[in-house]
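Observations on the three-dimensional arrangement
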Amino acid sequence: MISQADIYAAKILIVDDQEVNLRLLEHLLGSGGYTAISSTLDARAVAGLHQRHQFDLIILDLVMPGMSGYDVMDALRPLELEGYLPVLVIAADPDAKLAALEAGARDFISKPFDALEVLTRIRNMLEVRLLHRAARHYNTLLERTVGQRTAELQRFRGAMDATTDAIFLVDVQGMTLVDANDGACRLLGYARAELLALAPGTLLPPPPAPPLAALPGGPAHLATEVTECELLRRDLSPVPVELGWHWYAQAPVAGGHATGGLLLIAVARDISERRQAQERLKHLAHYDGLTGLPNRSLFYQTLAQAVELAQEKSWRIVVLFIALDRFKSINDTLGAALGDELLRQFSNRLVECVRLRDTVGRLGNDEFALILTMSRNQQEAVAVANQVREALRAPFDLRGHAATLTASIGIAMYPDDATDPETLIKYANTAMGGAKQAGRDGYRFFTAGMNVQVLARLDLELALRHALEHEQFILYYQPKVDLRTGRISGVEALLRWRRPGYGLVAPAEFVPVLEDTGLIVRVGAWVIQAACRQIAEWRDSEVGPVRVAVNVSSRQFAEGDLEGEVTRALAQYDVAPELLELELTETALMSNAERTIVVLGKLKKIGVKVAIDDFGTGYSSLAYLQRFPIDKLKIDIAFVRNITSNPNDAAIALAIVSMAHSLKLSVVAEGVESRPQLEYLRRNRCDEIQGFYFSRALPALELGQMIAAGAGLPPGHDPAAQPAQTLLIVDDDVNVLSSLHRLFRPEGYQILTASTPAEGFEMLALHRVHVIVCDQRMPSMSGTEFLSKVKELYPETIRIILSGYTGLEAVLDSINRGAIYRFYTKPWDDTQLRDNIRLAFQHYWMVNQPGLARAAVR
């Protein structure tokens, strides 16, 4: 609707070559209420003015010099694309008026002007012009709106068809399917035409009742909650979906009979993958990913259900806790991949050992468990335990590597031992620990005593954590002695625990617990700090510089920051690096050989010494041994304990000495507890010894006093001071020893006597013996056995049997093997025996030192 204000605000241009006409029309229009009036005398400027201002009405004189009104309309026509020229011409000639209308003018006024006619025609033209413009604007807006809505519908349709969700539009009043998208066709396997021909009830479950808010007069759109159900595909296979219902209230049609209704939109989302993922997650949550066996969670649930059923049926439940022995060693050696393959193969064998109604589960890395339901005695549990052990006998084939395993099995029973699942498993685990302690590859039933041990172990763990926090650990120091000088060459720091109420606790009781709990990492760092602090205290006192060796556990080396701990401690106490020595076992070195080389190389570079502790008891590669930056090997006490009497131990110890010296390493023998051990090691070029023979481990104060006092070993035996010929007589009859001593004393020999083979071994270690005369029949060891060992330990000696024993088979066999030089019988002829012993000495010098023998003959 055009308002009065719109008309009076319309833009009007007056074009005439007569000034008076311009002023007249301006006055007339102004008095008529029009406010936007422009005028020009120049007809040529009209087109430009209209292009800039878009006049609603141009009052144009037809007859003007230079450019007629017709020419002006021709110039205006290109500016009005729709051909509507808002021109009102001024003409006096009737023919000119008609021509002007044909040229495009909308109306005309005559000269002379009639004011009323002029104003009336101008108003009419402006109304038409403004209405035309409004209609044109509305049409443009309508076209734009239609275009936008069309694009929106196309986008909506494209989005509907592109979505993976299935969308169904249902007319609730007629219960017909109005439309469905491509997703619905894909989901159910129908063509669109086939789908739209079906009733909604054959495709979808019954919709929920519409909420009251969705009735006419309520909100235009209301969605109900989403439910999960199954739809049937064209091939009648079910598909799980998440289905959401959406209600739309349709507006009634104006003027019609339809009162409006409800449009129902169903959106179905395929949740097949989600269901499968949920099943996978459920499986992963309850089953072991490696073996496929029930995991700890499901095993506990199954055991709880079994216990409930056993209560009703008065059955007995047996739980077997199975731990693979030394699995970690195999896993570390062959790698995690083959370790996993070993666990898979073992689980398969384990399943074959039980009945269908029994349960097998994997509780941890190398820990498995069985639930056996039985109404009979415990012998069935024993039978299954033995079955499991037998199943392990056959080697496992791990991609060409053969591996054998054993298992330690703990057994707990319901209701005998416990009535709840957690306690049953705990007790079975405790019993398994007892089986391991008993030597592995066996089974143990739970006993109350085991529980006491477990509680004691827990108490010990708590006490150790408290000890670390409250500085209850102390260091004792055991000296090492240089066998060349007899002086103390250094000490080894040994951990002790002064437990309140218990006194000093033996390391064997708490160090394994430190290892198992991982506390050894923190305690090891403390030991390094305490050792460096003690080195600094001794250095600044009369004691002077002392080299201290510190044991580094394999776990500390693998998990701790050994390099950082050492460098920080050295810097904190300003200790010279060469005064600190680290002792590592072969196992610790080989756990990650390449990393070991790097870490020890850095420590070696700053001057820290490195020793291999307990050498020969672990496993190591000689190829790596020469690459490790080490300074020293320590012979384990296991080889030192019987070194003077066991040829095998002696051979290993001497091989270690020889190999170490070849690699430019020094050697320390641990556990030296007797003078014979000391002299045997000194004679065979061992560099240092450590053990109770010289000193036990002492507190720092006592050890400092010992060093300051210059304590050391007595000097070793001087070969030059020993008589040229030494005879050892071994006989358990003291009368025989006395008689033989008197017989040979005039010969000038150094005569040693021993009443037992053990004493004989000690004499051999303490003295360089040339000839041995031994009785055959002695209580602890026969003469041939004794001399056979002597042959391996001291092959240069001349070994003689002197006995009244007539059974000669063993003696002759020993002679044939070279263990015995001669066999003489009792009673003996003094002269003949003296001559034979004299010949034995000559034979010794002929074999071992020919030059001396020839000189003696001359």
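What counts as what
Residues numbered from 1 in each chain as written. Predicted model: local features only at pLDDT ≥ 70, side-chain atom pairs only at ≥ 80, totals over all residues. Heavy atoms only, no water. Helix = DSSP H or I, 4+ residues; strand = E, 2+ residues; numbered from the N terminus. Rg over C-alpha atoms; globule rule 2.2 N^0.38 Å. Contact = heavy atoms within 4.5 Å. Lys, Arg positive; Asp, Glu negative; His and termini not counted. Charge placed at Lys NZ, Arg CZ, Asp CG, Glu CD. Salt bridge = Lys/Arg side-chain N within 4 Å of Asp/Glu carboxyl O. Expected span 1.5 Å × (residues − 1). Buried < 20%, exposed > 50% of the residue type's maximum accessible area, 1.4 Å probe, protein only. Polar contact = N/O pair within 3.5 Å; in protein donor to acceptor, adjacent residues only side chain to side chain. Phe/Tyr/Trp six-rings, centres within 6.5 Å; stacked < 30°, edge-to-face > 60°. Lys NZ or Arg CZ within 6 Å of the ring centre and 35° of its normal. 1 Å grid on protein atoms, 1.4 Å probe; cavity = no way out; pocket = protein on both sides within 12 Å on 5 of 7 lines; lining within 4 Å. Points joined across faces, edges and corners; volume = space filled by probe spheres on them. Nonpolar A, V, L, I, M, F, W, Y, C, P; charged D, E, K, R; others polar. Pairing = 2+ DSSP bridges. Right-handed = clockwise from strand over helix to strand, strands pointing away. Disulfide = S-S within 2.5 Å. Core = buried A, V, L, I, M, F, W, Y, C linked by side-chain atoms within 4.5 Å. Axes fitted to C-alpha atoms, helices over the stretch in contact; angles between N-to-C directions. Parallel < 35°, antiparallel > 145°, perpendicular 65-115°, else oblique. Left-handed = near helix turned anticlockwise from the far one by under 90°.

Examining the overall build of the chain
Secondary structure summary: the chain contains 33 helices and 33 strands in total. On C-alpha atoms alone, the chain measures out to a radius of gyration of 56 Å, which is more than a quarter above the 29 Å that the 2.2 N^0.38 rule sets for 858 residues. Judged by the C-alpha coordinates and their principal axes, the chain covers about 185 × 75 × 55 Å. Taking the contacts inside the chain whose residues are at least 6 apart along the sequence as the reference set, 64% of them involve residues at least 24 apart. Each charge class in the chain was averaged separately, 87 positive and 103 negative side chains, and the resulting centres sit 7 Å apart.

A short note on the pattern of salt bridges
If the charged atoms of two oppositely charged side chains come close together, the side chains can form a pair. With the rule as written, the count across this model stands at 45 salt bridges. By sharing partners, the salt bridges in this structure join Lys-480, Glu-492, Glu-581, Glu-583, Lys-632, Lys-634, Glu-670 and Glu-688 into a single network.

So, helix α25 (residues 647–662)
Between its terminal C-alpha atoms α25 stretches 22 Å, which fits the 22 Å expected from 16 residues at 1.5 Å a residue. Along α25, the residues that are buried comprise Pro-647, Asp-649, Ala-650, Ala-653, Ile-656, Val-657 and Ala-660. If you check the start of α25, you find a side-chain oxygen 2.9 Å away from the backbone N of Asn-648, and it comes from Asn-646. In the segment just after α25, Lys-664 is the residue with positive phi, at about 65 degrees.

A closer look at the packing of aromatic side chains
Summed over all chains, the structure comprises 14 aromatic pairs. Their ring planes at 90 degrees and their centres at 5.9 Å tell us that Tyr-680 and Tyr-794 sit as a pair that is edge-to-face. With Tyr-680 in helix α26 (residues 675–683) and Tyr-794 in the loop between α30 (783–793) and β32 (798–803), this residue pair connects regions lying 114 residues apart in the sequence. In this structure Tyr-794 comes out as buried when scored by relative accessible area, which is 5%. Aromatic rings pair up to connect Phe-473, Trp-497, Phe-510 and Trp-526 into one cluster. In this structure, Arg-595 packs its charged tip against the face of Phe-557, placed 5.3 Å from the ring centre. Note that Arg-822 overlies the ring of Tyr-821, its terminal NZ or CZ placed 4.2 Å from the centroid.

Some remarks on the layout of surface pockets
Each pocket or cavity is described by its volume, and for the largest pocket that value is around 1,900 Å³. Lys-436, Arg-440, Pro-512, Glu-515 and Asp-516 are, among the 44 residues lining the largest pocket, the residues nearest its centre. Among the elements of the structure, α11 (296–313), α12 (327–334), α15 (421–437), α16 (448–469), α17 (507–517), α19 (554–559) and α21 (586–590) are those that each provide at least two residues to the lining of the largest pocket. Among the elements that line the lining of the largest pocket, the one with the most residues is α15, at nine residues. Class assignment for the residues of the lining of the largest pocket results in 15 nonpolar, 14 polar and 15 charged.

Considering the pairing of strand β2 (residues 36–40)
Where strand β1 (residues 11–15) lies against β2, five bridges are found, and the strand directions are parallel. Residue Lys-11 lies in a different strand from β2, and its bridge partner there is Ala-36. Handedness of the crossover is the feature at issue here: the chain leaves β1, passes through helix α2 (residues 19–31), returns alongside β2, and the resulting connection is right-handed.

Examining empty space enclosed by the protein
One pass over the full model with this rule turns up one cavity of 30 Å³ or more. As for the largest cavity, its lining consists of Arg-683, Leu-764, His-767, Arg-768, Val-769, Tyr-794, Glu-796 and Thr-797. Of the residues in the lining of the largest cavity, the class split is three nonpolar, two polar and three charged.

What about the state of the cysteines?
Taken as a whole, this structure holds zero disulfides when the rule is applied. You can see Cys-185 has no disulfide; the closest cysteine sulfur is in Cys-229, sitting 18 Å from it.

As for the nonpolar core
It is characteristic of soluble globular proteins that their nonpolar side chains tend to be buried jointly. Core analysis: the biggest nonpolar cluster contains 107 residues, and Ile-689 and Phe-786 have the highest contact counts within it. Once residues lying within four places of it in the same chain are set aside, the contact partners of Ile-689 are Pro-479, Lys-480, Val-481, Leu-483, Ala-669, Val-672, Leu-678, Leu-681, Phe-694 and Leu-713. Judged by nonpolar contacts, the second largest core, of 32 residues, contains Phe-346, Met-374, Leu-405 and Ile-409.

Things to note about the packing of helix α29 (residues 757–766) against α30
With their axes 11 Å apart at the nearest point, α29 and α30 run at an angle of 20 degrees to one another. If you check the angle between α29 and α30, you find them roughly parallel. The chirality of how α29 crosses α30 is right-handed. In this structure, α29 contributes Pro-757, Gly-760, Phe-761 and Leu-764 to the contact, and α30 contributes Phe-786, Lys-789, Val-790 and Leu-793. Class assignment of the residues belonging to the contact of α29 with α30 gives a composition of six nonpolar, one polar and one charged.

Regarding the sheet that holds strand β29 (residues 726–730)
Strands sit in the order β30-β29-β31-β32-β33 across an open sheet of five strands; the sheet is parallel. Whereas interior strands pair on both sides, the edge strands pair on one side only; in this sheet they are β30 (750–754) and β33 (822–825). Going across the sheet, the axis of each strand differs from the next one's by a mean of 20 degrees, ignoring polarity. Here four bridges tie β32 to β33, and the two strands are oriented parallel to one another. Each bridged residue has a counterpart across the sheet, and for Leu-802 the counterpart in β33 is Tyr-824. Along the sheet face, helix α28 (residues 734–744) touches β29, β30 and β32 and points at about 160 degrees away from the line of β29. Across the sheet, α30 touches β29, β31 (771–774) and β32, and the angle it forms with β32 is around 175 degrees.

Overview of the environment of Gly-804
Here Gly-804 shows up in the loop between β32 and α31 (809–816). On the accessibility criterion, Gly-804 (46% relative accessible area) is partly exposed.

Describing the pairing of strand β19 (residues 473–482)
With nine of 10 residues buried, β19 lies mostly within the body of the structure. The pairing of β19 with strand β20 (residues 488–499) spans nine bridges and is antiparallel. Across the sheet, residue Lys-480 finds its bridge partner in β20, namely Gly-490. Bridge count for β19 against strand β28 (residues 698–699) is two bridges, and the pairing is antiparallel. Of the residues in β28, the one forming a bridge with Tyr-476 is Pro-699.

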